[in-house]
Amino acid sequence: MIKPTLALMSLLSLFLSSSAQAVTLTIGDQFYYSSTLLELAGELKDLPYEIHWKRFNAGGPVVEALNVGSIDVGIVGDTPVIALAARGGPIKVVAVTRSRPDGIAIVVGKDSDIRTVADLAGKRMAIWKGSWSQQLTYSALEQAGLPSNAPRYSYLMPTEAIAALSEGKLDATATWEPYVSMVERQGGRILRNAKDLMPAPIYVVANTTHLEENRAAIGDFIARLQRARDWSRQHIEVYAQAWAKKNNSDPAIAESWFRRDATWVEPISPQTLKDGQQTADFLVRAGVLSTPYEVTPLYDQSFNRYLQPHPSEASR
């Protein structure tokens, strides 16, 4: 386990000697993904503040909750966060969660004759506007020399898209984990993953209304989240079993997901800003944003002091 730095210990001591016991962080979590992990890793013990978890089934509602201030912190993919920030939403990114790009992919059904991205021309494909699925699809088509409108699109959420694919109503969909592992479990396969096409980070995002008064608590939380993610890569089976039980899901799907993603948490870096700008520019091209957006003000790099430098996994 990573030991806290002397500076961080001093900050936490100051935090504990103040009115920290009165602080409650309301945190948005999708499908018990982070709450289960933090509990398993022992990171919810001896909290110098309280956490109230709110469970969500998709990233869009997390971002909306951040926008209206019903949660203090949310953990969500970059595209809806940047779209909200460009509209003046009251948010700051305080840390970055990254995974290998293998778990974001264009997938096809088990009997599909589609073998290349070029084969998607004229096919029935599901994406979700302004999301990783649209970004991956457009990027893959561009690399293959095809226009973005080459497939025939249906705009479906991941659960709907996976169901339609399994029923033969779609030829392909672009999605992310755990849906990629679900498709593989059903005999489908990956056509193209996100490697070298898009950054696809997940952001730890804070609502700015109470950011200053919650600063120490949020800093402590992201440090615990980083340690928990480091723990998870060494305890994949335990994490998969617990997550699957919480969600009444197949542990084999969860284990495939966690092994593929190998998720870690890192401080905000120049690469973070570069990747964020790439996503913002995509959102303009996709028509989600009407004008260009400069992403730099979205990131609060002062929280970097709570985090260790990213592990060697991030350099792969």
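Basis of the calculations
Residues numbered from 1 in each chain as written. Predicted model: local features only at pLDDT ≥ 70, side-chain atom pairs only at ≥ 80, totals over all residues. Heavy atoms only, no water. UniProt positions renumbered as here; feature names shortened; annotations may be inferred. Buried < 20%, exposed > 50% of the residue type's maximum accessible area, 1.4 Å probe, protein only. Helix = DSSP H or I, 4+ residues; strand = E, 2+ residues; numbered from the N terminus. Arc of directions from axis to C-beta. Contact = heavy atoms within 4.5 Å. Polar contact = N/O pair within 3.5 Å; in protein donor to acceptor, adjacent residues only side chain to side chain. Salt bridge = Lys/Arg side-chain N within 4 Å of Asp/Glu carboxyl O. Pairing = 2+ DSSP bridges. Axes fitted to C-alpha atoms, helices over the stretch in contact; angles between N-to-C directions. Parallel < 35°, antiparallel > 145°, perpendicular 65-115°, else oblique. Left-handed = near helix turned anticlockwise from the far one by under 90°. Phe/Tyr/Trp six-rings, centres within 6.5 Å; stacked < 30°, edge-to-face > 60°.

- As named in an unreviewed UniProt entry, the chain is ABC transporter substrate-binding protein, taken from Azotobacter bryophylli.
- On record in UniProt, under Sequence similarities (unreviewed entry), the comment for the chain is "Belongs to the bacterial solute-binding protein SsuA/TauA family."
- Turning to the chain, the UniProt annotation filed under Subcellular location (unreviewed entry) states: "Periplasm".

## Some words on helix 6 (residues 158-166)
Then, number 1: Along helix 6, the positions that sit buried rather than exposed are P158, A161, I162, A164 and L165. Seen from one end, helix 6 has its buried residues packed into an arc of 165°, which puts them on one side.
Then, number 2: On its buried side, helix 6 packs onto strand 5 (104-108), strand 6 (124-127), strand 8 (172-176) and helix 7 (179-185).

## What to know about the side chain of D171
Then, number 1: Here D171 lies in the loop between helix 6 and strand 8.
Then, number 2: Judged by its relative accessible area of 19%, D171 is buried.
Then, number 3: In terms of polar contacts, D171 uses its side chain to reach the backbone amide nitrogen of R124, at 2.7 Å.
Then, number 4: Sequence-distant contacts of D171, defined by excluding residues within four places in its chain, comprise V107, V108, G109, S112, I114, K123, R124 and L165.

## Section: unusual backbone geometry
Then, number 1: Note that the residue after E177, namely P178, is joined by a cis bond; omega there is 5°.
Then, number 2: For P178, the position within the fold is in the loop between strand 8 and helix 7.
Then, number 3: Although it is not a glycine, A200 adopts a positive phi angle of roughly 50°.
Then, number 4: The topology assignment puts A200 in the loop between strand 9 (189-193) and strand 10 (202-207).

## Examining the pattern of salt bridges
Then, number 1: Inspection of the entire model under this criterion finds 15 salt bridges.
Then, number 2: The salt bridge partner of R227 is E43, with a shortest N-O separation of 2.9 Å. Of the two residues, R227 sits in helix 8 (residues 215-232) while E43 sits in the loop between helix 2 (33-40) and strand 2 (50-56), which places them 184 residues apart along the sequence.
Then, number 3: For R260, the salt bridge goes to E184, with nearest N and O atoms at 2.7 Å. Separated by 76 residues along the polypeptide, R260 in helix 10 (residues 251-261) and E184 in helix 7 bring together distant segments of the chain.
Then, number 4: What makes R260 buried here is its relative accessible area of 17%.
Then, number 5: Residue class for E184 comes out partly exposed when judged on its relative accessible area of 30%.
Then, number 6: Shared partners join several salt bridges into a network, and the residues in it are E43, D220, R224 and R227.

## Digging into the sheet that holds strand 7 (residues 152-155)
Then, number 1: Within the open sheet, the 5 strands sit side by side as 7-6-8-5-9. Their pairing is mixed. Since the sheet does not close on itself, it has two edges, and those belong to strand 7 and strand 9, each with one partner. Averaged over neighbouring strand pairs, the angle between their axes works out to 30° when direction is ignored.
Then, number 2: In the sheet, strand 5 pairs with strand 9 via 4 bridges, with the strands oriented antiparallel. For A105, the partnering residue across the bridge sits in strand 9 and is N193.
Then, number 3: Helix 6 contacts strand 5, strand 6 and strand 8 of the sheet and is inclined by roughly 140° relative to strand 8.

## Quick notes on the pairing of strand 4 (residues 91-98)
Each regular strand carries side chains that alternate between the two faces of the sheet.
Then, number 1: Summarising burial for strand 4: 7 of the 8 residues are buried, a large majority.
Then, number 2: The sheet contact formed by strand 4 and strand 10 spans 6 bridges and is antiparallel. Each bridged residue has a counterpart across the sheet, and for V93 the counterpart in strand 10 is V205.
Then, number 3: Examined bridge by bridge, strand 4 and strand 11 (residues 264-266) share 3 bridges and lie antiparallel to one another.

## Let's talk about the packing of helix 9 (residues 236-247) against helix 10
Then, number 1: The geometry of helix 9 relative to helix 10 is characterised by a closest axis approach of 8 Å and an angle of 135° between their N-to-C directions. Between helix 9 and helix 10, the crossing angle belongs to the class labelled oblique. Here helix 9 runs over helix 10; the crossing is right-handed. Residue-level contacts link I236, E237, Y239, A240, Q241, W243 and A244 of helix 9 to P251, A254, E255, W257, F258 and R259 of helix 10.

## Quick notes on the environment of L156
Then, number 1: Summarising the element assignment, L156 is placed in the loop between strand 7 and helix 6.
Then, number 2: We classify L156 as partly exposed; its relative accessible area is 23%.
Then, number 3: Along the sequence, L156 and M125 sit 31 residues apart, while their C-alpha atoms lie 9.5 Å from each other.

## Some details on the packing of aromatic side chains
Then, number 1: A complete count under the given rule lists 14 aromatic pairs for this structure.
Then, number 2: Relative to F258, the ring of W243 has its centre 6.3 Å away and its plane inclined at 80°; by these criteria the two rings are edge-to-face. With a gap of 15 residues between them, W243 in helix 9 and F258 in helix 10 connect regions that are remote in the sequence. Assigned by exposure class, W243 and F258 land together as buried.
Then, number 3: Aromatic ring contacts, followed pair by pair, group Y33, Y239, W243, W257 and F258 into a single cluster.

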